[in-house]
Each structure stands twice: as C-alpha cells, then as structure tokens.
Amino acid sequence: METVRGVLAGSQLPRLETQMLLQHVLRVPRSWLIAHDTDPLDPQAVARFQRLAGRRLRGEPMAYLVGQREFMGHEFKVGPGVLIPRPETELLVETALRHLDKPGLDAPRVLDLGTGSGAVAISIALACPRARVVATDVSVQALAVAADNARNLGAEVEFLCGNWYEPIAGQPRFDVIVSNPPYIAASDPHLEQGDLRFEPRGALTDGGDGLGALEIITRGATSRLRPGGVLWMEHGWDQAPAVRSLLQSTGFRQVGSSSDLAGIERITGGSL
Ligand code: GLN
C-alpha cells in the first residue's frame, strides 16, 4: 500500500506542490500529512493524485488543479475561465482601501473593471462594508465564478456583464475605480510560458501593445468619477511611465505609482 511518505519520495514535483495536491485529494490539512505519513492511503486517492501530478508536470497551474487561490486572506475559487489572482495585485486593493478610509466618504461607490474571479472587488467589499461595490467583466463565465466567490465569502458586490464601462451606463459616478486589466503585449513571449499558457488570453493581453485597455479605462474614468475620485490600475513592470503620462494628459492630478514587494512599479493612479 502506498503511504504519504512513499508518494512524497516518488513524486517528480517539488515537495510543496506534491503536498498541496495530496491535501487536495485527501481533503486534509498539512498537519495531517505529517502526522499520518506512514498510514496506508486509499488506492483511489493515490490514483487521483497521480492524475493531477501528471497534469501539473505538463504545466497546468496549481491554482486550477486545486481549484482555489488565496488572496487578501480569503480563499477564492478559480478555474480556467479566470485569471489566477496574483499576490502583487493585493497592492491595488490596499491602495483602494487607504483611499476609502479617508474621512468624508460615508457610502463610497467603488467600481472594479474586468473583475475576473472577483478577487479585487470582493476583497474591497469585505474590508470596507460601507462601500457599494460594482464589478464588470465581459466574460459570463468569469462573472459566474465571481458571483460564486462573493456568495461563499459573504460579500455584497453588484456584478454586471459587458465591456469595461458599458454595463454601468446610467449609474451614479464613483469615488474609486480600480482595474487589473490585460496589459501584456501580444508579442510578449511570457504568454507562452508557465501559468499564462493556461489562463484566458483576454485577461492577459489587449491583443496589441499592452496599453490598449489601460487607455480605454483611463479615458472612460473622467466621466465616471466624482470630483476628487481616484483611479488606480495595475500594469506591467515597464509600463509605469507610460501610464503616468496617459493619466496626466487625460487630466488626472496627483498622479503616482506604487511598487510591489519585488520593488517593481506595479500600479499607477491619480485623482480628478
Ligand atoms: N500579472 C500578470 C502576469 O504578468 C498579468 C495579469 C494581467 O495582464 N492583468 O503574469
């Protein structure tokens, strides 16, 4: 009979990934694996683990194999129809929350464009319950995942289907607009590497130079933000100067960028 110890010794995957897949198949915490490392394992569970390990060896993202990813301390359900939440995107949430903390914003309105799994919108709604959060996405499949996540995590978010600002026509203006849009250039070789190969193309690239969606969002924000409202967008490692000039030429003030934990300017924003 196979044991946890045997599976770990025989796996070609990094130890942590083997443990994560085993935990997923056996539905146990890490501590169980350690305490039961010589227990015989159910052969069906071992077979399920082997199938997942094979898919991982062929490159499928861990988050899709286990069906979830942690973001801002919450477990988000994810699948091939949505971008996998990245740790650096927490900076976008934290920046929005800092603005929402400012005195005078009693029932602030927040808009998240291209919400995907809903990670950004839901994290904001959970951390700032007095905010009214609206989130849009062009993908029906993504919105189904996002709505599921909101329900599971107990967040109140209004999800609307459509391209960028299209579905919010007629809504009152917003105090905060955030977005983690597709910003990778279509020619970027990273699209053919790692997790990105398996993620929805439309969540990663605008099909052009990578600035297309950032431009649409910036120009559209001027008529959707209240006076004093802020726009913050995530972007690629080398796009901060371009996004700052875009915001400045569109009429934003207090334009600036913030760096992620790796020291890369990762988000840029400004106020109207
Ligand atoms: N941050 C992602 C990556 O570079 C891209 C996400 C996006 O385009 N919004 O892997």
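A few points on the structure. (Residues numbered from 1 in each chain as written. Predicted model: local features only at pLDDT ≥ 70, side-chain atom pairs only at ≥ 80, totals over all residues. Heavy atoms only, no water.)

Re the packing of helix 2 (residues 15-26) against helix 4 (residues 43-57)
Stated formally: Every axis corresponds to a line fitted to the C-alpha atoms, with the helix fit spanning only the stretch in contact, and the corresponding angles, defined between N-to-C directions, vary from 0 to 180 degrees. Numbering of helices and strands runs from the N terminus; a helix is a DSSP stretch of H or I covering at least four residues, while a strand is a stretch of E covering at least two. By definition in this entry, angles of less than 35 degrees are roughly parallel, angles greater than 145 are roughly antiparallel, angles of 65 to 115 are roughly perpendicular, and the rest are oblique. Note: crossing handedness is left-handed where the near helix turns anticlockwise from the far helix by less than a right angle, and right-handed where it turns clockwise. Note on contacts: a residue pair is in contact if any heavy atoms of the two residues lie within 4.5 Å. Classes in brief: Ala, Val, Leu, Ile, Met, Phe, Trp, Tyr, Cys and Pro nonpolar; Asp, Glu, Lys and Arg charged; the others, Gly included, polar.
Packing of helix 2 against helix 4 leaves a shortest axis separation of 9 Å and a crossing angle of 135 degrees. In terms of orientation, helix 2 and helix 4 fall into the oblique class. As helix 2 runs across helix 4, the sense of the crossing is right-handed. Where helix 2 abuts helix 4, its residues Glu17, Thr18, Leu21, Leu22, His24, Val25 and Leu26 lie against Ala45, Arg48, Phe49, Leu52, Ala53 and Arg56. Classifying every residue of the contact of helix 2 with helix 4 by side-chain character gives 8 nonpolar, 2 polar and 3 charged.

Looking at the site of the ligand
Convention followed: Neighbouring residues are identified by heavy atoms, a residue being near a molecule or strand if any of them is within 4 Å of it. Polar contact is the term for a pair of N or O atoms within 3.5 Å; when the atoms are in protein, one must be able to donate a hydrogen and the other to accept it, and sequence-neighboring residues count only if both atoms are side-chain atoms. In this description, accessible areas are obtained by the Shrake-Rupley approach with a 1.4 Å probe, and a residue is regarded as covered only by the protein chains that are shown.
Taken together, Leu83, Arg86, Glu88, Asn180, Pro181, Pro182, Tyr183, Ile184, Leu196, Ala203, Leu204 and Glu234 make up all the residues around the ligand. At a separation of 2.9 Å, an oxygen atom of the ligand approaches a polar side-chain atom of Arg86. In the model, a nitrogen atom of the ligand is placed 2.7 Å from a nitrogen or oxygen of the Pro181 main chain. Protein contact buries 87% of the 300 Å² of open area that the ligand shows by itself. Looking at the shell around the ligand, its residues break down into 8 nonpolar, 1 polar and 3 charged.

Considering the packing of helix 6 (residues 90-100) against helix 7 (residues 119-127)
Running from N to C, helix 6 and helix 7 point in directions that differ by 35 degrees, and their axes come no closer than 10 Å. Seen from above, helix 6 lies across helix 7 with right-handed handedness. Across the interface between the two elements, Leu92, Val93, Ala96, Leu97 and Leu100 of helix 6 pack against Val120, Ser123, Ile124 and Ala127 of helix 7. Of the residues contributing to the contact of helix 6 with helix 7, the split by class is 8 nonpolar, 1 polar and no charged.

Points about the nonpolar core
Heads up, the condition is: Nonpolar cores were defined as sets of buried Ala, Val, Leu, Ile, Met, Phe, Trp, Tyr and Cys residues, with membership established by side-chain atoms within 4.5 Å. Three labels apply to residues, based on accessible area from a 1.4 Å probe with only protein chains included: buried if under 20% of the type maximum, exposed if over 50%, partly exposed otherwise in between.
Ranked by size, the top nonpolar core spans 30 residues in total, and within it Ile124, Val133, Val157, Phe159 and Val178 carry the most contacts. Elements represented by at least two residues in this core include exactly helix 6, helix 7, strand 4 (132-137), helix 8 (140-153), strand 5 (157-161), strand 6 (174-179) and strand 7 (225-234). Beyond its immediate chain neighbours, meaning those up to four positions away, Ile124 contacts Val93, Ala96, Leu97, Leu100, Val110, Val133 and Val178. Among the nonpolar cores identified, the runner-up in size contains 27 residues, and Leu113, Ile168, Ile177 and Leu204 belong to it.

Here we look at the pattern of salt bridges
Spelled out, the test is: By salt bridge we mean one thing: a side-chain nitrogen of Lys or Arg within 4 Å of a carboxyl oxygen of Asp or Glu.
Counted according to the given criterion, the structure contains 11 salt bridges. Between Asp148 and Arg151 there is a salt bridge, with the nearest N and O atoms lying 2.8 Å from each other. Residue Asp148 and its partner Arg151 are located together in helix 8, separated by 3 residues, close to a single helical turn. We note a salt bridge from Glu265 to Arg244, for which the minimum N-O separation is 3.3 Å. Residue Glu265 is found in strand 9 (residues 265-271), and its partner Arg244 is found in helix 11 (residues 240-250); the two are separated by 21 residues along the sequence. Residue classification places Glu265 among the partly exposed positions, given a relative accessible area of 30%. Residue Arg244 is classed as partly exposed on the basis of its relative accessible area, which comes to 22%.

Points about the sheet that holds strand 5
The strands that make up a sheet are held in pairs by hydrogen bonds between backbone atoms, and each pair lies either parallel or antiparallel. To keep things clear, this is the line we draw: A pair of strands counts as paired when DSSP detects no fewer than two bridges linking them.
Taken in spatial order, the 7 strands of this open sheet run 5-4-3-6-7-9-8, and their pairing is mixed. With one partner strand each, in any of the chains shown, strand 5 and strand 8 (253-259) form the two edges of the open sheet. Averaged over neighbouring strand pairs, the angle between their axes works out to 15 degrees when direction is ignored. Direction of pairing for strand 7 relative to strand 9: antiparallel, over a ladder of 5 bridges. Paired with Val230 across the strands is Ser271, a residue of strand 9. Relative to strand 5, helix 8 is tilted by about 170 degrees, and along the sheet it contacts strand 4 and strand 5.

Let's talk about helix 6
Of all 11 residues making up helix 6, 8 are buried, and the element is well covered by its neighbours. What helix 6 keeps buried is the set Leu91, Leu92, Val93, Thr95, Ala96, Leu97, His99 and Leu100.

Read these as spatial facts, not as claims about activity.
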